[in-house]
Structures are given as C-alpha cells and as structure tokens.
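Reading the structure
The residues making up each chain are set out below.
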Amino acid sequence: MKLGFIGTGNMAGAIMGGVIKSGLFKPEEIIGADLLEAGREKVKTLYGIHVTADNKEVVEKAETIILSVKPQFYESVIAEIKDVVKPEQIVITIAPGKTLEWLAKQFGKDVKLVRTMPNTPAMVGEGMTAACRNEFVTDEELEGAKKILSAFGKVEVVSEHLMDVVVSVSGSSPAYVFMFIEAMADAAVADGMPRAQAYQFAAQAVLGSAKMVLETGKHPGELKDMVCSPGGTTIEAVRVLEEKGLRSAVIEAMKACTDIAKKM
Ligand SMILES: NC(=O)C1=CN([C@@H]2O[C@H](COP(=O)(O)OP(=O)(O)OC[C@H]3O[C@@H](n4cnc5c(N)ncnc54)[C@H](O)[C@@H]3O)[C@@H](O)[C@H]2O)C=CC1
Ligand SMILES: O=C(O)[C@@H]1CCC=N1
C-alpha cells in the first residue's frame with residue numbers, strides 16, 4: 001500500500017478523491033481505518049479503497065500514513081500506533097494546533113513527521129496545503145510528501161509558526177466562502193432567480209474572481225475598482241457592505257479562528 005489514512009471522514013475523503021482523480025495512486029494502493037463502520041463503508045463505496053477497523057493494520061501496510069482524526073483523538077491514536085511505526089515511514093498530520101514538538105513527544109521516538117494543513121477543495125483538485133517537517137525528514141522525503149499533497153492542489157512549505165494562520169486563511173476559509181455563496185444565492189432567490197441557477201451564478205462569479213487575483217497579479221482593491229462604475233450599481237453594494245462591516249467581520253472571524261487553532 002502506498003497511502004494509509006487513520007480516520008476516513010471529510011478531510012480524508014477529500015484527499016482520497018484528489019489523489020485518485022489525479023492518477024497518483026490507484027484505489028487498491030490506498031488503505032483507510034475508521035472507528036465507525038459507516039465511515040469505512042462510505043469511502044469503500046465512494047473511492048474503492050481497502051478499509052479496516054484496525055489502525056495498526058494501516059501502519060503495518062502503508063508507506064505513508066495520514067493521521068486524519070480530529071485533534072482531540074491524536075493523543076490516543078498515536079499511543080495506539082507508535083510501536084508499529086517504522087523509522088522509514090512518513091507520518092503526515094493534518095490537525096490544527098498539533099505542533100511537531102508535541103507530536104514527537106507523543107511518539108516518544110524518532111519518527112519522520114510532516115505537519116500539514118490542507119482544505120476540502122482537495123476533493124476537486126483545488127486544495128491549498130501548507131507543510132513543514134521535522135529534522136528526520138530528508139529533502140527527498142519532503143519532495144515525496146509534496147508530490148502527494150500537490151496531487152490534489154497547491155502546496156507550499158512554510159515555517160511552522162505560520163501554521164495557525166494557515167488554518168484560518170485556507171484550512172477553514174472554504175466554510176466562509178460557502179456562506180458567502182449561499183448568502184448571494186439567497187439574495188438572488190429573493191429577487192426571483194431559481195435557487196439552482198443562483199448557486200451557479202454566485203459560485204462561478206467567486207471562481208472567476210479568485211482566478212483573476214491569482215492570474216493577473218493585480219491588487220484585489222484594483223480589481224474591485226474595475227467593477228465599480230461611477231454612480232453605478234456595484235459601488236452601491238460596496239457602500240452597504242462597508243456599512244454592515246463585511247471586512248471587519250472577516251478579520252475578526254479569522255482572528256478567532258487562528259486563536260483557537262493556537263490553543264488546540
Ligand atoms: N474538514 C476540513 O475542512 C479540514 C479538516 N482538517 C483536519 O482533519 C482532521 C479530520 O477532520 P474531518 O475529516 O473534518 O473530521 P471527520 O469527523 O469528518 O473525520 C474523522 C474520522 O475519524 C474517525 N475516528 C475517530 N476516532 C478514531 C480512532 N480512534 N480511530 C480511527 N478513526 C477514528 C471518525 O469516525 C471520523 O470518521 C482533523 O484533525 C481536522 O482538524 C484539516 C483541514 C481541513
Ligand atoms: O474546523 C476545523 O477545526 C478544521 C481545521 C481546518 C478546517 N476544519
């Protein structure tokens with residue numbers, strides 16, 4: 001087995017979907033363990049991977065392991081697997097707040113650790129993942145881990161102190177973007193557009209706007225100004241968004257998100 005998951009929930013499913021769709025791994029090269037039968041059956045049906053109820057079996061069989069349980073279960077899962085983790089294996093973590101130092105302490109031995117923060121757009125190959133490593137991971141091994149992570153989107157190696165910021169700016173931010181799309185669609189429905197069509201229009205506008213930021217290199221403010229005709233419709237919407245505190249709401253929400261990640 002090339003890749004193993006402990007925990008086969010939302011984020012693991014998104015990564016499985018991404019690596020299989022990209023062709024990096026075949027379903028039969030992936031194994032996943034989950035406490036719940038429903039969780040195992042879901043990924044088996046959706047992605048055709050091997051599943052097991054035994055976390056240790058994943059460690060015994062897979063080259064690279066992704067710890068994809070909630071942060072509060074990291075301690076017990078690591079206690080369960082630490083004795084079977086081999087020195088040459090790479091353990092990828094995806095939990096907020098779990099530092100390389102904390103992780104190393106839980107394992108209590110020399111383990112190759114790559115700490116990452118992915119996001120669910122991995123499912124459609126548009127993930128954004130940050131990664132950092134501990135001292136046992138060689139440059140070549142880091143490249144190997146990056147190859148896996150880039151199979152489902154972009155990956156950047158960052159200094160570990162930025163990992164909490166990454167949680168709010170890309171790990172959690174898809175949720176805020178979905179809320180924004182949902183709100184825009186609600187407004188369009190209120191003005192008479194059928195709901196399914198409203199989601200299409202709102203989501204495509206967000207996709208196109210994100211692409212403009214990434215591909216033109218222009219400042220987002222300049223791109224916003226290009227939409228605002230003097231005395232026109234857009235500047236009226238911008239005026240109301242400023243009055244209602246859109247920017248401040250986003251900044252305060254993200255500060256709360258980063259702060260909670262630090263405490264995890
Ligand atoms: N959902 C997201 O957008 C993102 C999640 N993450 C991180 O990914 C990790 C997983 O999150 P989600 O997939 O959202 O959670 P989830 O709740 O969807 O999946 C976790 C899975 O782990 C299983 N599980 C719990 N205890 C277990 C154990 N002892 N042994 C084996 N399986 C066990 C659960 O049954 C569940 O299926 C978390 O650490 C989270 O912070 C990171 C980035 C984005
Ligand atoms: O909500 C959470 O805690 C996880 C981490 C980033 C996205 N979801």
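Residues numbered from 1 in each chain as written. Chains lettered and ligands numbered in written order. Predicted model: local features only at pLDDT ≥ 70, side-chain atom pairs only at ≥ 80, totals over all residues. Heavy atoms only, no water.

**As for the overall build of the protein**
The secondary structure content of the protein amounts to twelve helices and eight strands. Split into buried and exposed, the 264 residues of the protein put 39% on the buried side. Long-range contacts, defined here as pairs at least 24 residues apart, represent 62% of the contacts in the protein between residues at least 6 apart. As displayed, the protein has an accessible area near 14800 Å², and 59% of this comes from carbon and sulfur atoms. Charge centroids of the protein, computed over 30 positive and 35 negative side chains, lie 1 Å from each other. (Helix = DSSP H or I, 4+ residues; strand = E, 2+ residues; numbered from the N terminus. Buried < 20%, exposed > 50% of the residue type's maximum accessible area, 1.4 Å probe, protein only. Contact = heavy atoms within 4.5 Å. Areas by Shrake-Rupley, 256 points an atom, 1.4 Å probe, with all protein chains shown as cover. Lys, Arg positive; Asp, Glu negative; His and termini not counted. Charge placed at Lys NZ, Arg CZ, Asp CG, Glu CD.)

**Quick word on the domain arrangement of the protein**
Looking at the assigned domains, one finds that the protein contains domain 1 (3-165) and domain 2 (171-263). Using only C-alpha atoms to locate each centre, domain 1 and domain 2 end up separated by 31 Å. Taken together, the contacts link ten residues of domain 1 with six residues of domain 2. Buried area between domain 1 and domain 2, both sides added, is near 580 Å², and the carbon and sulfur share of it is 63%. Counting the surface domain 1 buries against domain 2, the share from its top three residues, Asn-119, Lys-154 and Asp-164, is 53%. Put simply, domain 1 and domain 2 have zero salt bridges between them. The interface formed by domain 1 and domain 2 holds zero residue pairs in polar contact (both at pLDDT 80 or more) in total. Across the side of domain 1 that touches domain 2, the residue classes break down as five nonpolar, three polar and two charged. (Domains from an automatic or database assignment. Buried area = accessible area lost by both parts, 1.4 Å probe. Salt bridge = Lys/Arg side-chain N within 4 Å of Asp/Glu carboxyl O. Polar contact = N/O pair within 3.5 Å; in protein donor to acceptor, adjacent residues only side chain to side chain. Nonpolar A, V, L, I, M, F, W, Y, C, P; charged D, E, K, R; others polar.)

**So, the site of ligand 2**
Taken together, Pro-96, Gly-171 and Ser-172 make up all the residues around ligand 2. Taking 250 Å² as the accessible area of ligand 2 by itself, protein coverage stands at 52%. (Near = heavy atom within 4 Å.)

**Observations concerning the environment of Lys-56**
Positionally, Lys-56 belongs in helix 3 (residues 55-61). As a C-alpha pair, Lys-56 and Lys-82 span 26 residues in sequence and 9.0 Å in three-dimensional space. Contact partners of Lys-56, with chain neighbours within four places excluded, come to Glu-80, Ile-81 and Val-84.

**Some remarks on the pattern of salt bridges**
It is possible for side chains of opposite charge to pair when their charged atoms get near one another. Applying the stated criterion to the full structure yields 13 salt bridges. One salt bridge connects Glu-160 with Arg-115, and the closest N-O pair in it is separated by 2.7 Å. Residue Glu-160 is found in the loop between strand 8 (153-157) and helix 7 (163-171), and its partner Arg-115 is found in strand 6 (residues 112-117); the two are separated by 45 residues along the sequence. Its relative accessible area of 3% is what places Arg-115 among the buried residues. Arg-247 serves as the salt-bridge partner of Glu-242, at 3.0 Å between the closest nitrogen and oxygen. Three or more residues are tied together by salt bridges with common partners; here these are Arg-115, Glu-160 and Asp-164.

**A word on the environment of Met-1**
Among the structural elements, Met-1 can be located in the segment before strand 1 (3-6). With relative accessibility at 31%, the residue Met-1 sits in the partly exposed group. In this structure the C-alpha to C-alpha distance between Met-1 and Asn-134, which are 133 residues apart in sequence, comes to 24 Å. Leaving out residues up to four positions away in the same chain, Met-1 has contacts with Glu-28, Glu-29, Ile-30, Ile-31, His-50, Lys-61, Ala-62 and Glu-63.

**Here's the deal with the environment of Lys-109**
Topologically, Lys-109 is positioned in the loop between helix 5 (100-107) and strand 6. Polar side-chain contacts of Lys-109 include one of 2.9 Å to the backbone oxygen of Val-85.

**Regarding the site of ligand 1**
Around ligand 1 sit 20 residues, and of these Asn-10, Met-11, Asp-34, Val-69 and Pro-96 come closest. Between ligand 1 and Leu-35, the relevant distance is 3.3 Å, taken from a nitrogen atom to a main-chain nitrogen or oxygen of the residue. Within the contact set of ligand 1, an oxygen atom lies 2.7 Å away from a backbone nitrogen or oxygen of Val-69. Across the shell around ligand 1, the residue classes tally to twelve nonpolar, six polar and two charged.

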